[in-house]
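This is what each chain is made of:
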Amino acid sequence: CATVQQVPGLSLEDVRLKPILARAKLSLPVMEGAVEVKHNGRWKQVCDAGWTRNNSRVVCGMLGFPREKHINTSFYRKLWNMKLKDPNSSLKTLSQKNSFWVHRVRCRGTEPHLARCPTQVAPPAPQQHACPRGMHAIVSCLPNPASQKGTGKGRSKTSPGKDRHGAGSTDPPSASGLGPIHMSEVRCTGHERSLGECRFQDAEQSGCRHETDAAVRCHMPHMDFQSQETWYWAGSPDAAQVVMSGVRCAGTEMALQQCQRHGPVHCPSGGGRFSAGVICTAYAPDLVMNAQLVQETAYLEDRPLGLLYCAHEERCLSRSADHMQWPYGHRRLLRFSSQIHNLGRADFRPRMGRHAWTWHQCHRHFHSIEVFTHYDLLTLNGSKVAEGHKASFCLEDTNCPEGLQRRFACANFGEQGVSVGCWDTYRHDIDCQWIDITDVPPGSYTFQVVVNPKHEVAESDFSNNVMRCQCKYDGQRVWMHGCHTSDAYGADVVSDLERRERLANNLV
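Calculation rules
Residues numbered from 1 in each chain as written. Predicted model: local features only at pLDDT ≥ 70, side-chain atom pairs only at ≥ 80, totals over all residues. Heavy atoms only, no water. Helix = DSSP H or I, 4+ residues; strand = E, 2+ residues; numbered from the N terminus. Buried < 20%, exposed > 50% of the residue type's maximum accessible area, 1.4 Å probe, protein only. Contact = heavy atoms within 4.5 Å. Areas by Shrake-Rupley, 256 points an atom, 1.4 Å probe, with all protein chains shown as cover. Phe/Tyr/Trp six-rings, centres within 6.5 Å; stacked < 30°, edge-to-face > 60°. Lys NZ or Arg CZ within 6 Å of the ring centre and 35° of its normal. Pairing = 2+ DSSP bridges. Axes fitted to C-alpha atoms, helices over the stretch in contact; angles between N-to-C directions. Salt bridge = Lys/Arg side-chain N within 4 Å of Asp/Glu carboxyl O. Disulfide = S-S within 2.5 Å.

(A) Expanded view of the overall build of the protein chain. Counting its regular elements, the protein chain contains nine helices and 28 strands. Across the 508 residues of the protein chain, 42% fall into the buried class. Taking contacts inside the protein chain between residues at least 6 apart in sequence as the whole, the part at least 24 apart equals 68%. Carbon together with sulfur atoms contributes 51% to the accessible area of the protein chain, which is approximately 27900 Å² in total.

(B) Spotlight on the packing of aromatic side chains. Evaluation of the coordinates by the stated rule reveals six aromatic pairs. Taken together, a centroid distance of 5.9 Å and an interplanar angle of 50 degrees make the contact between Trp80 and Trp101 tilted. With a gap of 21 residues between them, Trp80 in helix H3 (residues 74-85) and Trp101 in strand S5 (residues 101-102) connect regions that are remote in the sequence. Trp101 gets classed as buried once you look at its relative accessible area, which sits at 1%. Aromatic pair Tyr309 and Trp326: ring centres 5.1 Å apart, planes at 45 degrees, arrangement tilted. Of this pair, Tyr309 sits in helix H8 (residues 309-313) while Trp326 sits in the loop between H8 and strand S18 (330-335); the two residues are 17 residues apart in sequence, bridging distant segments of the chain. Taking the relative accessible area as the measure of exposure, Tyr309 reaches 44% and is therefore partly exposed. The rings of Phe336, Tyr375 and Phe447 are connected pair by pair, giving a single aromatic cluster. In this arrangement the basic side chain of Arg16 is found over the ring face of Trp43, its NZ or CZ atom lying 3.8 Å from the centre.

(C) Seen up close, the sheet that holds strand S19 (residues 338-342). Taken in spatial order, the three strands make up an open sheet running S16-S19-S24, and their pairing is antiparallel. One side of each edge strand has no neighbouring strand; the edge strands of this open sheet are strand S16 (287-289) and strand S24 (423-426). Between one strand axis and the next, the sheet turns through 20 degrees on average, direction left out of account. As defined by bridge partners, S19 adjoins S24 across four bridges and the pair is classed as antiparallel. Across the sheet, Ile340 pairs through a bridge with Asp424, a residue of S24.

(D) Representation of the environment of Pro327 in the model. The topology assignment puts Pro327 in the loop between H8 and S18. Residue Pro327 is classed as partly exposed on the basis of its relative accessible area of 37%. For the pair Pro327 and Pro304, spaced 23 residues apart in sequence, the C-alpha to C-alpha distance is 7.6 Å. Residue contacts for Pro327: discarding those within four places in its chain leaves Leu305, Gly306 and Tyr309.

(E) Structural context of the pattern of salt bridges. One pass over the full model with this rule turns up 17 salt bridges. Across the pair Asp48 and Arg77 runs a salt bridge whose closest N-O atoms are separated by 3.6 Å. Residue Asp48 is found in the loop between strand S3 (42-46) and helix H2 (53-62), and its partner Arg77 is found in helix H3; the two are separated by 29 residues along the sequence. A salt bridge links Arg315 to Asp322, with the nearest nitrogen and oxygen atoms 3.3 Å apart.

(F) Seen up close, the state of the cysteines. This model, assessed by the stated rule, comprises seven disulfides. Between Cys47 and Cys131 runs a disulfide, and the two sulfur atoms are separated by 2.0 Å. One disulfide, between Cys47 and Cys131, carries an S-S torsion of 70 degrees and so falls in the right-handed class. Highlighted residues: Cys47 in the loop between S3 and H2 and Cys131 in the loop between strand S7 (119-120) and strand S8 (138-141), separated in sequence by 84 residues. Note on accessibility: Cys47 and Cys131 belong to one class, buried. The disulfide that involves Cys469 links it to Cys483, with 2.0 Å between the sulfurs. With the S-S bond torsion at 115 degrees, the cross-link from Cys469 to Cys483 turns out right-handed. You can see Cys469 sitting in strand S27 (residues 466-473) and its partner Cys483 sitting in strand S28 (residues 478-485), a full 14 residues away along the chain. Comparing Cys469 with Cys483, the two get one shared label, buried.

(G) Fine view of the sheet that holds S18. Here we have three strands laid out as an open sheet, ordered S17-S18-S25, and antiparallel in their pairing. On the outer flanks of this sheet lie strand S17 (299-304) and strand S25 (434-436), each paired with one strand and no other. Mean inter-strand twist for the sheet, computed between neighbouring axes without regard to direction, equals 35 degrees. Pairing of S17 with S18, which is carried by six bridges, proceeds in the antiparallel orientation. Within S18, the residue paired with Arg303 across the bridge is Arg331.

The analysis is restricted to geometry; functional conclusions fall outside its scope.
So this is what it looks like as structure tokens:
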């Protein structure tokens, strides 16, 4: 067996658990799933060959859990084999590529981060498969006692000291930590902006051990949610110099300097109160399209123009509709239902408050997000041949799994959103739930849906916001097959998405 060595300069940037089973998807936080690591800006699966409980312990520790839990992976193996045999799944093709895998990780169990473990991204021999008979590594973590009770706790690598803050209380540690201990005998007055400004002793000199790690419970009165947000403002209000403008990041950069931005700074309003602000949160929504439902519900309709006045007003038809002799004639529509699930750890809420929603008189409803989804029909090289969009006139919990309560509804100008674990369904028979293909010639195409296309609302993962199907149109009938979301069992498709977007926008 080849020796696993730590590669100089290797950077595992992030680690996450991707839930596979339905019960794991409903767990908040996610405590069981396939291990995915981000390496050089791309998410990869970790091969389970040679995977040990020490590796699982490090992953669970990174994610804030006390330790790993033994798991029987035989059921996951059956699911994996079923996916390999499924002709509509891209897993078989993706798993044969070495770029899909991290070959081997070997931890001692005491590392604070998986990046500190000896790692082999590629197999030692160039022609060797990275994971010939394996599947993705599965990890299950034990929850903190506080997580089971629904109370959030944070853990700090310090030894207990006196607490003089009125906004929280100290508790016995919920679990032992990993890695170096930085501080002991911490004494704060309550006015410091960080623990580093408090009086403390060097932990190495005091002989502190992880058994005495300090823990903190943060009290959040008068709030009906448990996510914690932090406003961060570095600098003073009179900081007028602008150092960056036009910043556009893909989300995989390690620093703002790596993002696209204006060459010469262009910011006519100057700095000060026009400077960019940031909200950091540990919880975010994650919208994912039900690809199977799209495939099962797609059909064609020749709809008379007399029934399309409202849709025409909301720009849901192709531009050629502007030149027709209304109300005579019809438009050929590719209709389908869509079901958008929130698999994240926070509710999906419109960026704008109700006071800023737009009233549409024709359909007599409010738009909380002007464009919630993009519906496109593309040629096989990525060029658009037909385009439609569904303006999000209503975001609500159409249905929720058993045990979860619907919290958002559009009736009576209610609060809009999609709760964690719930889904919003747009039926095939409502206005704008289509692509106008009146001017599209017969042929083979790619049908594409992008959810939250302008990234108006932050999500924990934008790579799974795209769903694609293979589409065959013979002039009278349409066949939809092979529908899948972009991150189905891997992130190779993320780079493919970027390539298609560049083609669609004529970028090199």
